[in-house]
Structure formats: C-alpha cells, structure tokens
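# Structural overview
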Amino acid sequence: MRWLISFVLLFLSLKSFDTAQAAPVANSDAFPLKIYEKELPNGLKVMVVPTPFPKLVSLQIPVQTGSRNEIEAGKTGFAHFFEHMMFRGTKKVPAAAYQEQLKKMGARQNAYTSGDFTNYHTTFSKEDLGQMLELEADRFQNLEYGESEFKTEARAVLGEYNKNSANPSQKLWESVKDAAFTTHPYKHTTMGFIKDIEDMPNQFAYSKTFFDRWYRPEYTTIIIAGDVDPKVSFALVEKHFKSWKRGSYKAKIPTEPPPAGPIYKNISWDAPTLAHLFIGFHGPAYAPDDRDYAALSLLFPLALGETSELYKKLVINEQKLDSLRGSASDSRDPDLYSVYALIKDPKDAALVRDTLLRGLEKFTRVPVSSRELDDLKSKMRYSLAMSLDNTEAIADTLATFVHYERRGDTINRLFRTIEKVNPSDLQRVAQRLFTDKNMIVASLSKDPLPATMEQIPSLASLAPNKGVSSDVKMIVQKSELPLLNIKFLFKTGSARDPVGKEGLAELSAAMITNAGSVPYRYEDIQKALAPFAANFSSQVDKEMTTFTIRVHKDHVSEVLDIVMPSLLEPGLRDEDFQRLKASQLNSLKNDLRTNNEEELGKERLQELIFAGTPYAHPVLGTVKGIESLSLADVREFIKKSYTQKNLSLGVAGASEAPLLDSIRRSVAQIPQGEALASPVAEITGKMPEGLRVNIVQKPTRATAISFGHPLSINRSHPDFPALWLARAWLGEHRSSMSHLYERIREVRGMNYGDYAYIEAFPRGMYLTFPEANVARHTQLFEVWIRPVQPQNAHMALRIALFELNQLVKNGLSAEQFEATRAYLKKNVFVMTATQDQQLGYALDSDWYGIPEFTSYMQAQLDKLTPQAVNEVIRRHISPNNLQVVMITQDAEGLKKALVADAPSTITYDGTKPPELLEEDKLIGGTKLGIPAKAVVITPIDAVFGGGKGEVPAVL
C-alpha cells in the first residue's frame, strides 16, 4: 500500500489557507522530472530519471505480483514469500556473496509487498550501477534455492506472521479483508491465510511454479533514478536483462460480486489495547484517467485530514480518539476505502462510529467549497514537489505509480484528472461510495464495547432533521422590551448524578456554558458575545438544569449561531474539563465548606434529611464524586440529558414571529433523545424522631444554626399557599417584617437575621428573593438562624424552637393573617419583577402543572382563612421532630451543653424590658431533651466528602 505511504500521509497533513486562494498549477506536470522510457523485446520496461543529486543512484524494480495474484486455494502468501526468497542468491552469486558485494558498494537495500506488486529497491554510488544491474539480473533470472532453504524461509515467514499477530491493527485488517470479500484474492492480506502459511513448507514444488509465472520481464519495470546518463543506463540494462525470457502465463483474477452490506465484525483482544475502529466502503479501482476516482482521492483528505471537522472534533477538541486516518483505495481492482480510528475509551465506540458516519454522510448532501477544493489541489502538487528532495524518494514515488500499467506518465495523468474535479464531482462520488450496501464496520477491543455496536445505523438515519421540532413546548411572554431572555429548561439535575459521581450534572452544565463548542473555544465565544452585551449562563438544581441566553432582539440570529453549537456540539476539551473540575472542587471545599456557613448549614441539613436519596448531596457534588469524574462521564450525561424529550423552552421579550422561528430552528437541531423518568419516586425525606443534632466542627468565631424536616407538599399541593403564608409570617428571607427576625435579632440583638423556608433556597446569602428554576417534587421546612456568639448558641436554638412551638400551638391571629396576606398579594409581583424572573416562574409553573404563578397565588391567597392556615400549619409542621445542624468551633463544649440541658442565659449590653427578661428565663429553662446519642460531631473536612460514615446513622 505504498500509495498510502507516499501520498495519503501527505493528504492528511494538508492545511487550509486562510489567506488568498492559491492558484492551481494547471499546465505543468506534477512530477517535474523527465522520464526516459524504453521497452526491451522481451517485454521488460525500463525507465531512467536523471536527478540533480550527484553521485547517487536508486534502483527500483516493481514486479506486478502481489496477494492479488494468489488465486489458487491453499496457495496464499507466495508473493510475500518471494520478497524473502529473492535474497537467497544464485549459483553464480550465493546469498553471502551477494550481501558482501552490497556491503562493498555501501548500498542500502530492501523490499516490500502489497496487494498488487512487490518492489525491490537499492540505493548506491553511481559508479556501481553496472555491477548492481548485473547482480539484479542474475537473481531475477537465476534464483536458486533447495527444499531445505525453502522450508527454512517458510518458517521465517510464519515467524513474521506470529510477530504481526501480536499487533492488533494487523489482526483487525486481516479480519476486515476476510469479512469484506467473498471471491476476490483481496480477501487475504499480503501475508496470506494462516492455514496456508502453516502449510507452506509442503509447497516447495508450487513455489517454483509461482516464481516461473510471475518473475518475468513482461511483469517487471526497471527504474533507475540519479546521477545517470539515460543512454548508458539503457545499454547496461539491455546487456544484463536481454536474455530474460518472456513468459506465457496470464491469470484470470476473480471478480468480486456486488457487496451486500452493511457488515459488522468484532474481534476480541486478550492484551491491553486502545479500542480499534475500522469503517470501510467498497469502491472503484485505481484509475488515473477517471474523474470519479480522482474525486475520491480528494474526498478522503477533505473528510478525515487534520484540518477536517471530524479530526478537529474527535481528536483535538473532544479527544475521544488517539488517532484518526483515512485512505482512498490504491488497488488495481475494486477495494476498500478506509477509515481507521483508535478510541481512548471503549464506551465511546458507538458514539465515535456514528459521528464518523454522520460526518461522511454530510458529503453526500453538502458540496464542499470551490476554494477549499482548489486549496487542496494546490497543496497536493506543492507537497509532492517538496517531497522529491532526494534520489531515493524520486524513484520510490515513481515506483508506486508505475506498477499499475508500467507507464511513466501515470502520476501526471492522475494529477491532470484531479485538476478537473469540481465540488459536484465530490458530492456525486460520495453518494455512490457512502451507502449501506458498500459498508463494513469492524472493531477490536479487550474491554466490552457498547451493545449498540452490533446495530450499524443506516446512513440515512444519521442525516440531520431539517424540520422544525414540534415536540418542544415553548412558553412565550411577549413584551415591548428589546431584550430577549431565552431559557432552555432540561428536566435533569444533580438528582441524576450516579452514585460515586456526585457533581456530574453541575460539571456537565459548566462544560456547555464555560468550555466552548467544537467550532468555538470559550474565549472566542466571550469575545464574540461582547459587542452584543449578550451572555450565556447555566443553573443546575436537583431536578432541572436551565441554560439562559440574554440578547438584544437585533442580534438574536448572530448570538444563536455563536451559542447553540455549545449545546449541539460541546467542545469537551480536556483542558477546559480540568479547569472547570478544579474550580468546582474548589467551590465545594473552600467556598461552601470554609467560607459560607449559611449555605454550609442548609446543604448539610438537606444531606441529613434526604440521606440515601438522590437529593442528599449538594448540587456541587462531593469531594470524591468530583474527583472521580471523567470527560467520558460528562459526554454521556450531556448525550442522555440535553435532548428535546427533556426540554421546555421559554422566550420572553420582543419575540416577533421571525425571531421565534429562528429560535425554533435552533432547537430543532437538538437531538430528540429519550424522556427521562422523574426521580421523585426515589426521593422521600426521613422525618427525625425528636431533636437530632449534627455539630459541624470548623474554625469559626460564631455558631450558625439550621433546623428542619421534610415536607410532603410542593407548589402543586393545595396546602402550599397556606404554608407559604405561615412561612412569610414566621421568617421571610432577608425581611425585617418577620417574626423570628423581630424576636431574635431586633429585640435581643443576637445576630443579623433569622428566616424560615418551605422550599429550598440555594444561594440565599446573595439574594433577596429565591431564584426561579429550583423546582423540586420534594421539599423541606427549614429555619436558618444566622450566626450567633458561641455562648448564645444554646439559647438561640431554644428561642427559635419556642417561637415555632407557639406558632404551631396557637396559630396566627386574624390580624397577623390579614397583614401577612396583604403583604404577599403585593409582594408576589416584587419577587417576579424582572423579565427573567417572570419567565423562570412561568417555566416552573408549567413544570408543577399550575397556572401562572402571580395570578395563581393571588387567587389562592384570597381563598384562605386564618382557621385554614392554622390547620395546615399543624398538619405539616412538627416543632418536636427536627434535624438540627450547628456549625461551631467548640463542638465538644456545645455537645456537652445540649446534652446537659442546663438553663441558658443571655447577657445584654443595654437595658431590656422586664417582660423580655422573664421570657428569657422561661425559654432558657425549657428542656430540649436531646440525648447524647442524638448529638453527632462531624469535622468539616468530612462534610460532603463522599465517603462512608459522613452522614450520622442516627437522625
């Protein structure tokens, strides 16, 4: 397969020009040197090529015998065998003497065999040309070997086969050829079938027959390149080779019937290796004057070369492949046009196969640009010219083309045909070549491959969907504002993180918004968005992931073109993966565990309440979970999760019909995928029995307190509005008008604020109102007491529990109910004031199956009564069964105080009313009744680590 060596490798190294188009050299020969040709009466072809390199000569002798010639059953491998035997010597010059003379000449010699020819090549000093031709003429006419030498060499060939059998690529190629052909001798490799190689020592007589048939002048060309005179060279060849007798044998090569693919072949490999993937298509024979063949010789470097989309996607950007190469056939008869890939993770085998097939199928539909094609033609010519920088390369390049028809103009004829090829030709030959019937796929791996490898997809099924998706629900909120908010809400989140891979959903979303796409790197996207003041962001929660585009209506199309590839073809580059993974780990270990006691307490409380469920870990993940994540994990999560079947779309702003159509067309490109089942059936929080306390020990000046229990209601539940009202009265987030705030912060000055929640409120430290798109099927009731002085921690807990007990016991008064309801009916518009919030809440309402949030809540609030609210409070809030999380430095001291249950006191700097002091005495003396076994201390480094024993067994 010297055509691959000489030219395909050149094709694969081609670079596209970004500057002005290079003009093709249409009127000059690609092979620039003069070739002198002569045919002797016996049929021997002689070609002489004077070169500008002094003193050296390269002699190449291609013989038209390869594995193609081995047409008799049980007689494969003999073309390659004679590549060995030709060095066995003659009566006149035995093998040792032959080697000694080469040594004296300072010659470099070798040979190779392909499917179509065997080439013998020697490079030496010009003064030794006559002697070298005499030696070669002797061995080509008078090769001599006995049966003993024959058997010895046959065993050497077996040894070579055994050596090659340890190479998985050789084994794969052998299996591919055997599976792809039924009749033609291309069915076996140049080595031959193993059973024939093992039997070769018994074929001494046949070896003589094979040599006599094919080592004849009418099948041979003598190529002399170097510091030579053509007349002298011809005379020397005629002197030494004129006595070589012409033969009479003509073989009838069997014709392969039309293929009936697709075919799949898998080879199990015992030793460790990367997974190998081969994709082949039956195609036409080499034909230098045929425009279709010339087009195919261009198609493969365009499709699979180092500047191709497939190479950049799979090798450079996604780094799924260790290598990727492709080759057009160079065979005399119809053969395979091949794609060969080494896959880093065998789990990616089916994905890589489909990506490659999809990329090839594209050429059947989309013509390449004339500029791209002309650049390739020009580069091929110049690359050829630049490769001819020594005498041996010149002779070797000529030999790879001469062997077909023994004509020196073969190479120039091909390049002249190539110049005629246009983009329509490429599309036409792609349509002929890339068909299911022509296809064979083969794989080799030690590790199991995906089961889907057994089902080769039809090429037609891989063509993109050109229509507009009708499956994705779009919520549109029109306004006069020129700003557009576009939200892609996927029904997936951290609750789908696999066990041991906690943090996968968060990292996957970050790889979409902060790691670029196949065509654009992250920094390129940011630079491109900057002039439009547009942005693209993500938010992950337990059951949903939201991607948001904010853009002025004037630039929707441009921004979608920049951003959508991140969803359709995420870049997934390892350097971005490592950067974002390290950042996420830092956010968990430092920002959450060390620097943010509000979020730490909330997340720890949820971890304990939802222990053993997909809700337990923070959205950020766990330390071990993040550390275990791989790029393959991210790729698989994205593939399964970010699909049309799991998508709801929201658009708010100046959403005229053309803009909406543009958005719909973009969404239509997202894969359909499969709908993910809701994880809610797996998620049930555990109600604590009594008070259960987890003290997180860490260096800190104050003590933060969170407590709560699971709730069986969410926004879709009829009791939600009543409980929402009670929560607002008890402790509206960051509001000075709530009860806990007034009793702990305002009256006593113990801390900065105290709040209550009936829905998860992540990132609350930086927000006034909860973010949208944090919808969950299962919620929790929670109270957060912002940090107090350590000596007041026990008292702060007692006060909060006292106030909660009073609420459950006594309920809200009519006055408290009316004031809180009036506040909420107006405040609901404040909390949904922005266009982004309105759209987010609309998507959440659709997810919960309720009407638009503000109108729904107003209507439900109007229906409430104090009695109904108080009944809901008693039904859903339990002040005596709570999980408590306390974050402090002196964990042992706090535990002793809680278990001892001694009265708490509080010292004020100023004078307080007697009634408050009496209340303090009452509350401080209240017994909490927390047993020692219900108090567990956890070092901060163990929290969210992902290891065993980090969640207390007693809840």
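Above this text sits the structure in question.
Residues numbered from 1 in each chain as written. Predicted model: local features only at pLDDT ≥ 70, side-chain atom pairs only at ≥ 80, totals over all residues. Heavy atoms only, no water.

What follows deals with empty space enclosed by the protein. Summed over the entire model, instances satisfying the criterion amount to 5 cavities of 30 Å³ or more. Of the pockets and cavities examined, the largest cavity occupies roughly 270 Å³. Trp 724, Arg 727, Glu 759, Phe 761 and Pro 770 are, among the 24 residues lining the largest cavity, the residues nearest its centre. Among the elements of the structure, helix H25 (720-731), strand E19 (754-757), helix H28 (814-830) and helix H29 (835-848) are those that each provide at least two residues to the lining of the largest cavity. Broken down by class, the residue content of the lining of the largest cavity amounts to 15 nonpolar, 4 polar and 5 charged. (1 Å grid on protein atoms, 1.4 Å probe; cavity = no way out; pocket = protein on both sides within 12 Å on 5 of 7 lines; lining within 4 Å. Points joined across faces, edges and corners; volume = space filled by probe spheres on them. Helix = DSSP H or I, 4+ residues; strand = E, 2+ residues; numbered from the N terminus. Nonpolar A, V, L, I, M, F, W, Y, C, P; charged D, E, K, R; others polar.)

In this model helix H12 (residues 349-362) runs 20 Å from its N-terminal to its C-terminal C-alpha over 14 residues, within 8% of the 20 Å that 1.5 Å per residue would give. Among the 14 residues of H12, 11 are classified as buried, and the element is accordingly described as predominantly covered. Listing the buried residues of H12 in full gives Ala 349, Ala 350, Val 352, Arg 353, Asp 354, Thr 355, Leu 356, Leu 357, Gly 359, Leu 360 and Glu 361. Among the structural elements, strand E8 (275-283), helix H10 (291-304), helix H11 (309-317), strand E9 (321-327), strand E10 (335-343) and strand E11 (439-445) are those in contact with the buried residues of H12. (Expected span 1.5 Å × (residues − 1). Buried < 20%, exposed > 50% of the residue type's maximum accessible area, 1.4 Å probe, protein only. Contact = heavy atoms within 4.5 Å.)

Relative to each other, helix H2 (residues 78-85) and helix H8 (residues 204-214) sit at 90°, their axes nearing to 11 Å. Between H2 and H8, the interaxial angle falls into the category roughly perpendicular. Contacts from Phe 78, Ala 79 and Phe 82 in H2 reach Tyr 206, Ser 207, Phe 210 and Phe 211 in H8. Here the residues of the contact of H2 with H8 are counted per class, giving 6 nonpolar, 1 polar and no charged. (Axes fitted to C-alpha atoms, helices over the stretch in contact; angles between N-to-C directions. Parallel < 35°, antiparallel > 145°, perpendicular 65-115°, else oblique.)

Counted residue by residue, strand E15 (residues 545-552) has 6 buried out of 8 residues, so it is predominantly covered. When strand E13 (residues 483-490) meets E15, the two strands line up antiparallel, connected through 8 bridges. Paired with Phe 490 across the two strands is Thr 545, which belongs to E15. Two elements, strand E14 (residues 535-540) and E15, share 6 bridges in a ladder whose sense is antiparallel. Looking at E15, one finds that Phe 536 is bridged to Ile 549. (Pairing = 2+ DSSP bridges.)

Right, let's talk about the packing of aromatic side chains for a bit. Under the counting rule described, the total for this entry stands at 41 aromatic pairs. With a centroid separation of 5.5 Å and 85° between ring planes, the pair formed by Phe 81 and Phe 82 is classed as edge-to-face. For the ring pair Phe 211 and Tyr 215, a centre distance of 4.9 Å and an interplane angle of 15° mean the geometry is stacked. Its relative accessible area of 2% is what places Tyr 215 among the buried residues. Its end group placed over the ring of Tyr 206, Lys 75 keeps NZ or CZ at 5.4 Å from the ring centre. The ring centre of Tyr 757 lies 4.4 Å from the NZ or CZ of Lys 602, which sits over that ring. (Phe/Tyr/Trp six-rings, centres within 6.5 Å; stacked < 30°, edge-to-face > 60°. Lys NZ or Arg CZ within 6 Å of the ring centre and 35° of its normal.)

Looking along the chain, the bond that leaves Gly 261 and enters Pro 262 is cis, with omega of 0°. Structurally, Pro 262 is set in the loop between helix H9 (230-241) and strand E7 (263-268). Located in the positive-phi region is Asn 773, a residue other than glycine, with phi close to 65°. Topologically, Asn 773 is positioned in the loop between E19 and strand E20 (779-788). What makes Asn 773 buried here is its relative accessible area of 3%. Positioned with a positive phi, Phe 944 is a non-glycine residue whose angle comes to about 60°. Phe 944 gets classed as buried once you look at its relative accessible area, which sits at 0%.

Keep in mind these numbers describe shape, not what the thing actually does.
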